[in-house]
Structures are given as C-alpha cells and as structure tokens.
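# A structural walkthrough
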Amino acid sequence: MVNDEAAVNADQVHNLQINWLSGNVVIKAEAVDRIILRETADNAIKKPMTYRCENGTMEINHSSQRVFTPFNQPQEKNLVVIVPLDWECRDMEIDGAGLEISINGLKIRDLSVDGAGVVMNVNSSIQDLDISGAGCEITLNCTDRPKSIEVDGAGCVLSLTLPESCGFQLEMDGLSCELETDLPLRKQDGAYLSGDG
C-alpha cells in the first residue's frame, strides 16, 4: 500500500469539494487538530492527488489530469479525509463515478453527491442531502433530524434510518418506485406522512 499524506489547518476550511474517480472515499472525524488528507494505492501513485484552499473551501482532486480516454483510465486510488471531532462542514460536494463513499461522525449542513455507480454509507448529522446519479446505493443513518433529503436518478436505492420519533414527509416520482417501511404511514396529497410529517 503506497501512501501520500498532507495536513491543513482546520480553521481555514469550512467547505469540502471532492472530485474523485475509481476508488474509495472515507471522510471521518477523529481526535486530531488539523484536517488530514491521505491517498493510498496498491501500486506506485502515478499522478498524485491535488488540493487547494481558497475562500474557506478545500478542493481535492483525484489528480491534475482532467480528461480521461479508454486508453488513459484513472488509476484506482483511495482517499481518506480526517477532520477534528468538533469541526462542522457547511457545504460538502462529492463528484465521481464508481466510488464507495463512507462518512462517519461528521456534522454537515449541506451534502451533495453527483455520480454514477456510487455506493455510499453515511453515519453523521446532515441537515440537507441532495443526491443525483444513476445506480446509486445509499445507506443513511441520520444522528440528528435532517431538514431535507432528495434523491434524483435512475436505479437508486435509499436505506434511511432516522432518529427515534422523527416524523417525515415522503414524495416519490418515477418508474418502478417502491417504499419498504415498518412505520405506520398515511397518504395525503400524493405524499406519504409519518408522525408529525
């Protein structure tokens, strides 16, 4: 396993923008005092990740390469981002394809994910979540009551765990949409309501 690591002062970062291709992305909170970036690969890293901080936003890229062709595919690499336990992310954007994303122990105001074939497991506090893509599998364990969750795409599966006694309103629009729940629901104006809605 080949490692490449960098660290940034957490006070100067409020937003994360991650552009990653082919690999795993892990974002987690630990007892650290800076934001740590670590990339790993099974072989020598040909084109290392790039990152920059500007106006409170840290942008992390798979590499400096912008265009990929069938003869020039991106190297499969994994990204780990470790943030302090008390750090709050105002806005997080993840863009990529064929990713496995894990987010654990964070406080996030707005999270948006755009990609195809994304498998995502989240165990965090999120206020607003927006997912766009095809063939995405999302497992979301909300540690606090979210404001809104929006999933837009084809062949997406969302498994959602909310805090106890958290009500919700669910609207579904599309072909072959299915809802499986053990909660008592009522239908009103084309939406499903649970609890206080």
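Keep in mind the model is a prediction, meaning the values are calculated, not measured.

Along its length, the protein chain carries zero helices and 14 strands. Going residue by residue from the N terminus, the α and β elements of the protein chain occur as β-β-β-β-β-β-β-β-β-β-β-β-β-β. For 197 residues, the compact-globule estimate of 2.2 N^0.38 gives 16 Å, and the C-alpha radius of gyration of the protein chain, at 18 Å, lies within 12% of that figure. A principal-axis box enclosing the C-alpha atoms of the protein chain has dimensions of 55 × 40 × 30 Å. Among the 197 residues that make up the protein chain, the fraction classed as buried is 36%. In the protein chain, the share of contacts with a sequence separation of at least 24, taken over all contacts with a separation of at least 6, comes to 47%. Accessible area for the protein chain stands at about 11400 Å²; split by element, carbon and sulfur atoms hold 43% of it. Of the side chains in the protein chain, 15 bear a positive and 32 a negative charge, and the two mean positions are spaced by 6 Å.

Below, the discussion takes up the sheet that holds strand β14 (residues 191–194). The strand order β12-β14-β13 describes an open sheet built from three strands, whose pairing is antiparallel. Every other strand in the sheet has two partners, leaving β12 (168–170) and β13 (186–188) as the edge strands with one partner each. For this sheet the average axis-to-axis angle between neighbouring strands, irrespective of direction, equals 30 degrees. Sheet topology note: the β13/β14 ladder contains three bridges and is antiparallel. Following the sheet pairing, R186 is matched in β14 by L193.

Here the phi dihedral of S22 falls at roughly 60 degrees; this positive angle occurs in a residue that is not glycine. On the basis of relative accessibility, which here comes to 22%, the residue S22 falls in the partly exposed class.

Taken together, the side chains of M172, L179, L183 and L185 present a nonpolar region at the surface, about 300 Å² in accessible area. Residue position: L183 is located in the loop between β12 and β13.

With respect to burial, strand β5 (residues 57–61) is a largely interior element, four of its five residues being buried. Examined bridge by bridge, strand β2 (residues 15–30) and β5 share five bridges and lie parallel to one another. The partner of N19 across the bridge, within β5, is N61. Where strand β4 (residues 50–54) lies against β5, five bridges are found, and the strand directions are antiparallel. In the strand pairing of β5, R52 is matched with E59. Between β4 and β5, which follow one another and run antiparallel, lie two residues, and N55 among them has a positive phi close to 50 degrees.

This paragraph deals with the confidence of the model for the protein chain. Averaged over every residue, the pLDDT of the protein chain is 90; the share at 70 or more is 94%. Looking at the elements of the protein chain, mean pLDDT is at its lowest for strand β1 (residues 2–9), recorded as 85, and at its highest for strand β6 (residues 78–84), recorded as 97.

Counting 38 residues, the largest nonpolar core has M92, I94 and I103 as the members making the most contacts within it. Of the residues forming this core, the biggest block, ten residues, is contributed by strand β7 (residues 88–116). The contacts of M92, once residues within four sequence positions are left out, are L16, I27, I103, L106, I108, D110, L111 and S112.

A few words now on the pattern of salt bridges. Evaluation of the coordinates by the stated rule reveals six salt bridges. The salt bridge involving E5 is made with R38; its shortest N-O contact spans 2.6 Å. Remark: R38 occurs in strand β3 (residues 34–41) and E5 occurs in strand β1; sequence separation between them is 33 residues. Owing to a relative accessible area of 49%, E5 belongs among the partly exposed residues under this scheme. Notably, a salt bridge pairs E59 with R52, separated by 3.2 Å at the nearest N-O pair. Residue class for E59 comes out buried when judged on its relative accessible area of 14%. Taking the relative accessible area as the measure of exposure, R52 reaches 47% and is therefore partly exposed.

Cut-off values and rules
Residues numbered from 1 in each chain as written. Predicted model: local features only at pLDDT ≥ 70, side-chain atom pairs only at ≥ 80, totals over all residues. Heavy atoms only, no water. Helix = DSSP H or I, 4+ residues; strand = E, 2+ residues; numbered from the N terminus. Rg over C-alpha atoms; globule rule 2.2 N^0.38 Å. Buried < 20%, exposed > 50% of the residue type's maximum accessible area, 1.4 Å probe, protein only. Contact = heavy atoms within 4.5 Å. Areas by Shrake-Rupley, 256 points an atom, 1.4 Å probe, with all protein chains shown as cover. Lys, Arg positive; Asp, Glu negative; His and termini not counted. Charge placed at Lys NZ, Arg CZ, Asp CG, Glu CD. Pairing = 2+ DSSP bridges. Axes fitted to C-alpha atoms, helices over the stretch in contact; angles between N-to-C directions. Patch = residues over 30% accessible without salt bridge, like charges linked within 9 Å, V, L, I, M, F, W, Y side chains within 5 Å. Salt bridge = Lys/Arg side-chain N within 4 Å of Asp/Glu carboxyl O. pLDDT = per-residue confidence, 0-100. Core = buried A, V, L, I, M, F, W, Y, C linked by side-chain atoms within 4.5 Å.

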